[in-house]
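Below, each chain spelled out in residue letters.
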Amino acid sequence: MARMTMIEAIRSAMDVSMERDGDVVVFGEDVGYFGGVFRCTQGLQQKYGKTRCFDVPINESGIVGAAIGMAAYGLKPCVEIQFADYMYPAYDQLTQEAARLRYRSNGDFTCPVTIRMPTGGGIFGGQTHSQSPEALFTHVCGLQVVVPSNPYDAKGLLISSIENPDPVIFLEPKRLYNGPFDGHHDRPVTSWAAHPLGEVPAEHYTVPLGKAVVRRPGSAVTVLAYGTMVHVAEATAEETGIDAEVIDLRTLLPLDLETIVASVKKTGRCMVVHEATLTSGFGAELAALVQEHCFYHLEAPIVRVAGWDTPYPHAQEWDYFPGPVRVGRALREMMEA
């Protein structure tokens, strides 16, 4: 089985999908000849031609608007917003058009659009290249929201997204593109080559949307995470010696509530970790759901560890980023509660 980075796995997902289905098209800023700013689409234009993988002007609302029209016509666009921070001009198209098309047409039209967006920080991108806007999409009925944490899931989830008849927001944690990251920025960079989830089949396969996975079994506390924070949570559990059960949500909408509830009822404690700002972050929804479904099983208050309520800083990036020190401190305090 091939070893792939997340970049290569994402590229493989689009390649496999384009080969299987002539209606799949890929476009965005610099994704054609240049192969994307992160090289996720490298080689696709040479293989499939300029009508199926092409560059477009710097106009996010135009990218998404064109994709919606193509989808209504019968195509399956997989488009790239170069950074999730740039999606705001397209937010109206995403929320008022893509998300509503099936409903407003009484099922006559669907919108099989996949919107890929690099997300999150950890690369010294500053306030306009480090945002995590997932909560803005989970609030919108009609959208599905995916955040993979590794190459194997990235390929399987992206293929599932492209084949889905409804719009999917596919958020790619760019700090994980070339290797897993446990939050220790002062340690040597690791690659996916030695990680078991860096093994990715070259052929077509899918990972179902709406299904979480337990990355680390445990009995003392449940940690809910997605994207980069999955690796931070795993590292923190090992370093603190706390028997934490780490759940990788993978899909935020639809959410695998069954797996969450089963874990929290077993452990009696729950922590939510995400990189986005704390106030109105997706962790608030998770905390509310756990409180609603697991109230009589909780032995301590639910804890959220997240980014601060401030623009993402450049010089103080690691004070903002929820790393093992901050997550570990919160875990110890929770176990003493």
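Before any of the text, the structure's been laid out above.
These lines cover the structure that appears in this document, whether it is placed above or below. (Residues numbered from 1 in each chain as written. Predicted model: local features only at pLDDT ≥ 70, side-chain atom pairs only at ≥ 80, totals over all residues. Heavy atoms only, no water.)

1. Considerations on the environment of Glu 172
Next up, step 1: By the element assignment, Glu 172 lies in strand S7 (residues 168-173).
Next up, step 2: Given the relative accessible area of 0%, Glu 172 is considered buried.
Next up, step 3: Measuring from C-alpha to C-alpha, the distance between Glu 172 and Thr 228 comes to 9.5 Å, with 56 residues separating the pair along the chain.
Next up, step 4: When sequence neighbours within four positions are dropped, the list of residues in contact with Glu 172 reads Ile 10, Cys 40, Arg 116, Met 117, Pro 118, Thr 119 and Tyr 177.
Next up, step 5: Here Arg 116 takes part through its side chain, which lies 2.5 Å from a polar atom of the side chain of Glu 172. (Helix = DSSP H or I, 4+ residues; strand = E, 2+ residues; numbered from the N terminus. Buried < 20%, exposed > 50% of the residue type's maximum accessible area, 1.4 Å probe, protein only. Contact = heavy atoms within 4.5 Å. Polar contact = N/O pair within 3.5 Å; in protein donor to acceptor, adjacent residues only side chain to side chain.)

2. Quick word on helix H12 (residues 324-336)
Next up, step 1: Compared with the 18 Å implied by 1.5 Å per residue over 13 residues, the 18 Å span of H12 between its first and last C-alpha is a close match.
Next up, step 2: When H12 is considered as a whole, its buried residues turn out to be Pro 324, Arg 326, Val 327, Gly 328, Ala 330, Leu 331 and Met 334.
Next up, step 3: Buried residues along H12 sit against strand S10 (221-225), helix H8 (228-240), strand S13 (270-277), strand S14 (303-307) and helix H11 (317-320). (Expected span 1.5 Å × (residues − 1).)

3. Some words on the sheet that holds strand S11 (residues 244-248)
Next up, step 1: Here we have 5 strands laid out as an open sheet, ordered S9-S11-S10-S13-S14, and mixed in their pairing. Bordering the open sheet on either side are strand S9 (213-216) and S14, each of which pairs with just one other strand. Taking each pair of neighbouring strands and ignoring which way they run, the sheet shows an average axis angle of 25°.
Next up, step 2: Sitting on the sheet, H8 is in contact with S9, S10, S11 and S13, with an inclination near 170° to S11. (Pairing = 2+ DSSP bridges. Axes fitted to C-alpha atoms, helices over the stretch in contact; angles between N-to-C directions.)

4. Some points on the nonpolar core
Next up, step 1: Membership of the largest hydrophobic core comes to 54 residues, with the highest contact counts inside it found for Ile 10, Met 14, Leu 158, Val 223 and Met 271.
Next up, step 2: With 8 residues, helix H1 (residues 6-20) is the single largest residue contributor to this core.
Next up, step 3: Ignoring anything within four residues of it in the chain, the contact list for Leu 158 reads Ile 10, Ala 13, Met 14, Cys 78, Thr 114, Arg 116, Asp 153 and Phe 170. (Core = buried A, V, L, I, M, F, W, Y, C linked by side-chain atoms within 4.5 Å.)

5. Some thoughts on the sheet that holds S7
Next up, step 1: The strand order across the open sheet formed by 7 strands is S3-S2-S4-S5-S7-S6-S12, and the pairing between neighbours is mixed. Strands at the two margins of the open sheet, each flanked by one partner only, are strand S3 (53-55) and strand S12 (251-253). Here the average twist between neighbouring strands, direction ignored, is 20°.
Next up, step 2: Bridging between strand S4 (residues 76-80) and strand S5 (residues 114-119) involves 3 bridges; their strand directions are parallel. Within S5, the residue paired with Glu 80 across the bridge is Arg 116.
Next up, step 3: Of the strands in this sheet, strand S2 (24-28), S4, S5, strand S6 (144-146), S7 and S12 are in contact with helix H7 (residues 151-163), which crosses S7 at around 160°.

6. Concerning the pattern of salt bridges
Next up, step 1: The full count for this structure, using the stated rule, is 15 salt bridges.
Next up, step 2: One network of salt bridges, in which partners are shared, links Asp 153, Arg 215, Asp 248 and Arg 250. (Salt bridge = Lys/Arg side-chain N within 4 Å of Asp/Glu carboxyl O.)

7. Here we look at the side chain of Thr 114
Next up, step 1: By the element assignment, Thr 114 lies in strand S5.
Next up, step 2: Of the residues examined, Thr 114 reaches a relative accessible area of 0% and is grouped as buried.
Next up, step 3: A distance of 3.2 Å separates a polar atom in the side chain of Thr 114 from the backbone oxygen of Ser 161.
Next up, step 4: Apart from residues lying up to four places away in sequence, Thr 114 is in contact with Pro 77, Cys 78, Val 79, Leu 158, Ser 161, Ile 162, Val 168 and Phe 170.

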